[in-house]
Amino acid sequence: MTTEHAGNVGEESVRAILRELNGSVISGFIRSNNLKLDGQSFQVDFLVLVPSIGLVNIEVKNWKGTVKATSSKKWQQEINTADKYYVNEFTNASMQALRTSGLLMQTLERERLNNWPIRSLVVFTNENAKVLRAKSKLAPQTDIILKHMLPNWLKDNARKDMTFNFSLKEFNQIKSCLVEHTQPHAA
């Protein structure tokens, strides 16, 4: 399975969960690729409109093996198969999610749509993933969960002091804003 195909499989599994939650826990979700703001490219795996939280930017990873999540620029993935043991390094997914959230906030602000707080979340979808989170000063910059934990994470992070009523008009405005900043795929 290619990396791109694995990513698509992981994203589809999150989409299935979000579809189940749509209308009850969440007000909707948007996906967007090839966004560009001031020369900076980014993509939104999922932007979820959650009345009890605001906007949740979900970065999806379909990595297998043991992932060591820290505040460092790189995360390590250890894979131990019957044949061999190997280690890969990947960009810190929490930092990637925060970068996306920042660019998303600026994009919405340009259209005067920056009306909600944005939370960043990393979701691992591979059933063979084990995430080891560093503690204290080395802790990753965002929450990191496994896919099956998503409904409870949304419930546990609900704000009691504030509710955001996302109208269909607001949903469409956010979606249109992202479409306006979408660039065609490079050949």
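Each remark here, short or long, concerns the structure printed above.
Since the model is a prediction, treat every value here as computed from it, not as a measurement. (Residues numbered from 1 in each chain as written. Predicted model: local features only at pLDDT ≥ 70, side-chain atom pairs only at ≥ 80, totals over all residues. Heavy atoms only, no water.)

### Brief notes about the overall build of the protein chain
At step 1: For the protein chain, the count of helices and strands is 4 helices and 9 strands.
At step 2: Beginning at the N terminus, the succession of helices and strands in the protein chain can be written as α-β-β-β-β-β-β-α-β-β-β-α-α.
At step 3: In terms of overall size, the protein chain behaves like a compact globule, its C-alpha atoms giving a radius of gyration of 17 Å where 187 residues would be expected to give roughly 16 Å.
At step 4: When the backbone C-alpha atoms are referred to their principal axes, the protein chain occupies close to 55 × 45 × 35 Å.
At step 5: Buried residues in the protein chain amount to 43% of all 187 residues.
At step 6: By element, 49% of the accessible surface of the protein chain is carried by carbon and sulfur atoms, the whole surface being about 10,500 Å².
At step 7: Computed over 24 positive and 18 negative side-chain charges, the inter-centroid distance for the protein chain is 4 Å. (Helix = DSSP H or I, 4+ residues; strand = E, 2+ residues; numbered from the N terminus. Rg over C-alpha atoms; globule rule 2.2 N^0.38 Å. Buried < 20%, exposed > 50% of the residue type's maximum accessible area, 1.4 Å probe, protein only. Areas by Shrake-Rupley, 256 points an atom, 1.4 Å probe, with all protein chains shown as cover. Lys, Arg positive; Asp, Glu negative; His and termini not counted. Charge placed at Lys NZ, Arg CZ, Asp CG, Glu CD.)

### Section: the environment of Asn165
At step 1: Looking at the element boundaries, Asn165 is found in the loop between helix 3 (150-156) and helix 4 (168-180).
At step 2: On the accessibility criterion, Asn165 (65% relative accessible area) is exposed.
At step 3: Distance in space between the C-alpha atoms of Asn165 and Asn80 is 47 Å, their sequence separation being 85 residues.

### Some details on the sheet that holds strand 8 (residues 129-133)
Hydrogen bonds between backbone groups are what pair the strands of a sheet, and the pairing can be parallel or antiparallel.
At step 1: Within the open sheet, the 4 strands sit side by side as 6-5-4-8. Their pairing is mixed. The open sheet terminates on both sides in strands that have one partner only, identified here as strand 6 (85-91) and strand 8. For this sheet the average axis-to-axis angle between neighbouring strands, irrespective of direction, equals 20°.
At step 2: Both strand 4 (residues 65-69) and strand 8 contribute to a ladder of 5 bridges, which runs parallel. What sits directly across from Val67, in strand 8, is Val131. (Pairing = 2+ DSSP bridges. Axes fitted to C-alpha atoms, helices over the stretch in contact; angles between N-to-C directions.)

### Description of helix 2 (residues 93-110)
Since the α-helix packs 3.6 residues into each turn, any two residues three or four apart lie on the same face.
At step 1: In this model, helix 2 (18 residues) spans 26 Å end to end at C-alpha, consistent with the 26 Å of a helix rising 1.5 Å per residue.
At step 2: Three or more residues of helix 2 are buried, namely Ala93, Ser94, Ala97, Thr100, Ser101, Leu103, Leu104, Thr107 and Leu108.
At step 3: Of the residues flanking the start of helix 2, the one acting as N-cap is Asn92, its side-chain oxygen 2.8 Å from the backbone nitrogen of Ser94.
At step 4: At the C-terminal side of helix 2, Arg112 shows a positive phi close to 55°. (Expected span 1.5 Å × (residues − 1). Polar contact = N/O pair within 3.5 Å; in protein donor to acceptor, adjacent residues only side chain to side chain.)

### Observations concerning the packing of aromatic side chains
At step 1: What the rule picks out here adds up to 5 aromatic pairs.
At step 2: A ring pair is formed by Phe29 and Phe46, whose centres lie 5.9 Å apart and whose planes are at 65°; its orientation type is edge-to-face. Taken as a pair, Phe29 in strand 1 (residues 28-37) and Phe46 in strand 2 (residues 40-50) lie far apart in primary sequence, 17 residues in all.
At step 3: Where Trp63 meets Phe124, the ring centres are 5.5 Å apart and the plane angle is 70°; that geometry is what we call edge-to-face. Placement of Trp63 in the loop between strand 3 (54-61) and strand 4 and of Phe124 in strand 7 (residues 118-124) is noted, with a sequence separation of 61 residues between them. Phe124 shares its class with Trp63; the two are buried.
At step 4: Members of the aromatic cluster, connected to one another through ring pairs, are Trp63, Trp75, Phe90 and Phe124.
At step 5: Over the ring of Tyr86 we find Lys84, and its NZ or CZ is 5.0 Å from the ring centre. (Phe/Tyr/Trp six-rings, centres within 6.5 Å; stacked < 30°, edge-to-face > 60°. Lys NZ or Arg CZ within 6 Å of the ring centre and 35° of its normal.)

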